[in-house]
Amino acid sequence: IVESQAGPQLSNGAPLMAGCVSESNKKHQKMKSDTDVTARKAQRKKEHLIKKILNIIFKCSTTIKDTSSAVEIDLGGDEPTITVQSITEILMVRLSMEISQQPVISYLGSCHRRATEELRSLRQQKRGASAESEEILSEIKNQVVSFAASCILEPDMPFPMADEAHVQIAQCLLDEDPSSSIIFGVEGNASSFYYCLCEEILQQNSTAFSDLIGRVTDVIVFERLSTCKSVLETTGSGSAVAMVSALRSMCAHNTAASSISLHKSFLLPGTSSREAKEAVRPPVSGSLFQMISSGEQPPLPYQRRSGQGLERQTVLGQVLRLGVPRNNPAFERSAVLRQSLDSVTS
């Protein structure tokens, strides 16, 4: 069909009937309308997916109005088109906001778990699974791990919630709810956010990885666990059992377990080392005058390589010193050495 001064014509010059033009326009408009409806439906599905996984809605969204359970972000301009390539920008804007709902490591770990669960659900469906949705979910999984690694390796990242990432990791490991913990793998151990994060940091900087594991160990063992006096005790930082379990959870990644065993305070210093004879003066709670007035003896200094050094200054000592309290009604009051070997082993 060609246009001329005489109106629409066929290629051979014959005039085109007005009815044919009208019918052609109707079909064209209907096809365009159907395409627009399909595009809007696809956009709406992707917006709901972003809200479900990242807990985000867009300021200019025309499909989602409920902002009570999600964080509103503004990407500028009209309603954004969500693609695999736009996930990085969406996460960057979200992490740059002054929102204290959740620390960054915990937030990214939760997003990773939800994306893994949703991706597994899509793949199990026999029909209706969107290839683009799967690509978006896979990209979210990769990007949240990458952003978390950047917060650790680049502490100057301008994310308000990224302060002291190693402390945040320790706190996440202490989470006693396995379904929301960063060590919970929806598809096995290697699918957990913690495992993927370890792999990402190892790939970028193995030295920084060892340093990170050491700092997380210090927080769990020497800042939290050292304040507990029995296995049944619960402090403001959590229970003693949860702290030991957190240390064990770190060993779910083999290289992390190796790094813990190489921690400077994992074992006592060597016999011939300078640190072996170093004197350690225990801190005094309260004033020395109050302690003497109450009849208490101030703690005496001890060598780092000694029984007290083993119990107080090493990772293994801090874990193994927590036994059963003497007044626990679940155990007999008789001395442990008077019990049978089977009873002691039990």
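Asks: Got a minute to help me understand the overall build of the protein chain in this structure?
Replies: From N to C terminus, the protein chain includes 13 helices and 8 strands. The long-range share in the protein chain, meaning contacts at least 24 apart out of those at least 6 apart in sequence, stands at 59%. For the protein chain, the accessible surface area stands at approximately 20900 Å², while carbon and sulfur atoms represent 51% of it.

Asks: I keep staring at the nonpolar core and nothing clicks. Help me out?
Replies: Side chains that are nonpolar tend, in soluble globular proteins, to be buried together. Counting 64 residues, the largest nonpolar core has Leu-54, Leu-108, Ile-140, Ile-169, Leu-173, Phe-193 and Met-250 as the members making the most contacts within it. The element that contributes the greatest number of residues to this core is helix H4 (residues 131-153), accounting for 10 residues. Beyond its immediate stretch of four places on either side in the chain, Leu-54 contacts Ile-90, Leu-91, Tyr-107, Cys-111 and Ile-140.

Asks: Is there a simple way to explain the pattern of salt bridges in this structure?
Replies: It is possible for side chains of opposite charge to pair when their charged atoms get near one another. In this structure the tally under the stated criterion is 7 salt bridges. A salt bridge links Lys-52 to Glu-118; the shortest N-O distance between them is 2.7 Å. Pair noted here: Lys-52 is in helix H1 (residues 18-54) and Glu-118 is in helix H3 (residues 104-124), with a separation of 66 residues, a long-range link. Looking at Glu-118, the relative accessible area reads 16%, which means it is buried. Glu-134 is the salt-bridge partner of Arg-123, the closest N and O atoms lying 4.0 Å from each other. Here the residue Arg-123 occupies a position in helix H3, and Glu-134 occupies one in helix H4, the gap between them amounting to 11 residues.

Asks: When you look at the packing of H3 against H4 in this model, what are you seeing that I'm missing?
Replies: For any two helices packed against each other, one specifies the crossing angle of their axes together with the interaxial distance. Where H3 meets H4, the axes come as close as 9 Å, and the angle between the chain directions of the two elements is 160 degrees. Our classification of the angle between H3 and H4 gives roughly antiparallel. Seen from above, H3 lies across H4 with left-handed handedness. Judged by residue contacts, Val-104, Ile-105, Leu-108, Cys-111, His-112, Ala-115, Thr-116, Glu-118, Leu-119, Leu-122 and Arg-123 of H3 engage Ser-133, Glu-134, Leu-137, Ser-138, Ile-140, Lys-141, Val-144, Val-145, Phe-147, Ala-148 and Cys-151 from H4. In the contact of H3 with H4, the residues fall into 14 nonpolar, 4 polar and 4 charged.

Asks: Before we go on, may I ask you to explain unusual backbone geometry in this structure?
Replies: With the exception of glycine, the majority of residues adopt a negative phi angle, and the majority of peptide bonds are in the trans configuration. Its identity as a non-glycine residue notwithstanding, Asn-55 has a phi of 60 degrees, on the positive side. Along the polypeptide, Asn-55 turns up in the loop between H1 and strand E3 (56-58).

Asks: Would you explain the packing of helix H2 (residues 87-95) against H4 in this entry?
Replies: Viewed as axis vectors pointing N to C, H2 and H4 meet at an angle of 45 degrees, and their least axial separation amounts to 10 Å. As far as their axial angle goes, H4 and H2 are oblique. Once H2 is placed against H4, the crossing between them reads as right-handed. In this structure, H2 uses Ile-87, Thr-88, Leu-91, Met-92 and Leu-95 to contact H4, whose residues at the interface are Ile-136, Glu-139, Ile-140, Gln-143, Val-144 and Phe-147. In terms of residue class, the contact of H2 with H4 is built from 8 nonpolar, 2 polar and 1 charged.

Calculation notes
Residues numbered from 1 in each chain as written. Predicted model: local features only at pLDDT ≥ 70, side-chain atom pairs only at ≥ 80, totals over all residues. Heavy atoms only, no water. Helix = DSSP H or I, 4+ residues; strand = E, 2+ residues; numbered from the N terminus. Contact = heavy atoms within 4.5 Å. Areas by Shrake-Rupley, 256 points an atom, 1.4 Å probe, with all protein chains shown as cover. Core = buried A, V, L, I, M, F, W, Y, C linked by side-chain atoms within 4.5 Å. Buried < 20%, exposed > 50% of the residue type's maximum accessible area, 1.4 Å probe, protein only. Salt bridge = Lys/Arg side-chain N within 4 Å of Asp/Glu carboxyl O. Axes fitted to C-alpha atoms, helices over the stretch in contact; angles between N-to-C directions. Parallel < 35°, antiparallel > 145°, perpendicular 65-115°, else oblique. Left-handed = near helix turned anticlockwise from the far one by under 90°. Nonpolar A, V, L, I, M, F, W, Y, C, P; charged D, E, K, R; others polar.

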